[in-house]
Amino acid sequence: MMTAISQNLTAIQTHITQAALTAGRAPDEVQLVAVSKTIAAEDIRRAIESGVTVLGENYIQEARAKFEQLSALPAAWHFIGHLQTNKAKYAVRQFDLIHTVDSSRVAKAINREAAKIDKIQKILIQVNISKEETKLGIETEKVAELAEEIVQLDHLRLKGLMTMPPFFNAPEKVRPFFRRLRDTRDQLRQRNLPGVDLTELSMGMTGDFEVAIAEGATLVRIGTAIFGERA
Ligand SMILES: *Cc1c(COP(=O)(O)O)cnc(C)c1O
């Protein structure tokens, strides 16, 4: 039986492919991260059975409960919420990629926990492109300094940048922010930091992922369009 989730996924994958081709990009450069915060384990299982390979979770506590039920399934897990240093231990044990590193304090906490279990933890730097006080992330001007620090930490691998734009469901208003994230990444690349390839740009959600893909997104974080409105 076709479930709503599998139908939604088919539609989104089609839109991702079209957006990539329109931008002159290869569709397989864009990875769907299915954002499953507040979604029950049963629905996440359906999504994985329908072809989702990467899940995104925002809260450590909530994610831990789901892992107990879903850890045997073939999916990677990304952490996309605000990380408190006292939760770094769990983040490192359960997540393949942490999108939201925005301070050297958090980077060091992750590095310390990764060292304990002999893991190289992949991370992204979360950038506050819009400088809104309420938004998380490090200011654009400080990204390079944080990246230089991260390179010194043996158990971290910096893979790219992530951002949350200041508007939702207003694709043309957010385009400049996506473009600035890509520019910030391109500038950082010129530093040729050792062991850093900066391939990933995590940007774009349900309301704006097509614009994000046009501007270079490699990871689109989509919840509502897959699972429906959150309760
Ligand atoms: C909830 C969330 C998303 C998904 O948002 P939708 O509009 O439901 O697609 C993406 N990224 C982050 C960081 C989120 O917290």
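Just above, that's the structure.
Conventions adopted
- Residues numbered from 1 in each chain as written.
- Predicted model: local features only at pLDDT ≥ 70, side-chain atom pairs only at ≥ 80, totals over all residues.
- Heavy atoms only, no water.
- Near = heavy atom within 4 Å.
- Polar contact = N/O pair within 3.5 Å; in protein donor to acceptor, adjacent residues only side chain to side chain.
- Areas by Shrake-Rupley, 256 points an atom, 1.4 Å probe, with all protein chains shown as cover.
- Nonpolar A, V, L, I, M, F, W, Y, C, P; charged D, E, K, R; others polar.
- Helix = DSSP H or I, 4+ residues; strand = E, 2+ residues; numbered from the N terminus.
- Expected span 1.5 Å × (residues − 1).
- Buried < 20%, exposed > 50% of the residue type's maximum accessible area, 1.4 Å probe, protein only.
- Core = buried A, V, L, I, M, F, W, Y, C linked by side-chain atoms within 4.5 Å.
- Contact = heavy atoms within 4.5 Å.
- Phe/Tyr/Trp six-rings, centres within 6.5 Å; stacked < 30°, edge-to-face > 60°.

Draft legend 1. Just the site of the ligand, in detail. The environment of the ligand is made up of Val 35, Lys 37, Asn 58, Ile 80, Met 164, Met 205, Thr 206, Arg 221, Ile 222, Gly 223, Thr 224 and Arg 230. Here Arg 221 contributes a side-chain N or O atom positioned 2.8 Å from a nitrogen atom of the ligand. With respect to the ligand, the backbone of Gly 223 contributes an N or O atom lying 2.8 Å from an oxygen atom. Here the ligand loses 90% of its free accessible area of 390 Å² to cover by the protein chains. For the shell around the ligand, the residue count by class is 5 nonpolar, 4 polar and 3 charged.

Draft legend 2. Broad picture of helix α5 (residues 104-116). Between its first and last C-alpha, α5 extends 18 Å over 13 residues, near the 18 Å set by a 1.5 Å rise per residue. Three or more residues of α5 are buried, namely Val 106, Ala 107, Ala 109, Ile 110, Asn 111, Glu 113 and Ala 114. At the C-terminal side of α5, Asp 118 shows a positive phi close to 55°.

Draft legend 3. Up close: unusual backbone geometry. Positive phi, close to 70°, is recorded for Thr 38, a residue that is not glycine. Looking at where Thr 38 falls in the secondary structure, it is placed in the loop between β1 (31-35) and α2 (41-49). Overall, the relative accessible area of 46% leaves Thr 38 in the partly exposed class. Despite not being glycine, Leu 198 shows a phi value in the positive range, around 50°.

Draft legend 4. Just the nonpolar core, in detail. Counting residues in hydrophobic clusters, the biggest one holds 67 residues, and the most contacted among them are Phe 95, Ile 98, Ile 110, Ile 125, Ile 150, Val 220 and Ile 226. In terms of residues, this core owes the most to one element, helix α1 (residues 4-22), which gives 6 residues. Non-local contacts of Phe 95, meaning those with residues more than four positions away in its chain, are made with Glu 57, Ile 60, Ala 63, Phe 67, Trp 77, His 78, Phe 79, Tyr 90, Lys 119 and Gln 121. Formed by 6 residues, the second largest nonpolar core is a distinct cluster that contains Val 33, Val 54, Met 162 and Leu 219.

Draft legend 5. Structural detail: the packing of aromatic side chains. Taken as a whole and judged by the stated rule, the model has 3 aromatic pairs. Between Phe 67 and Trp 77, the aromatic rings sit 4.6 Å apart at their centres with planes inclined by 65°, giving edge-to-face as the arrangement. Within this pair, whereas Phe 67 is found in helix α3 (residues 60-70), its partner Trp 77 is found in strand β3 (residues 76-79), the two being separated by 10 residues in sequence. Across the pair, Trp 77 and Phe 67 agree in class, each one buried. Summarising the aromatic geometry, the rings of Phe 67 and Phe 95 are spaced 5.5 Å apart at their centres and angled 70° between planes, so their arrangement reads as edge-to-face. Remark: Phe 95 occurs in the loop between α4 (88-94) and β4 (97-101) and Phe 67 occurs in helix α3; sequence separation between them is 28 residues. Judged on exposure class, the residue Phe 67 and its partner Phe 95 are both buried. These aromatic residues form a ring-pair network of at least three members: Phe 67, Trp 77, Phe 79 and Phe 95.

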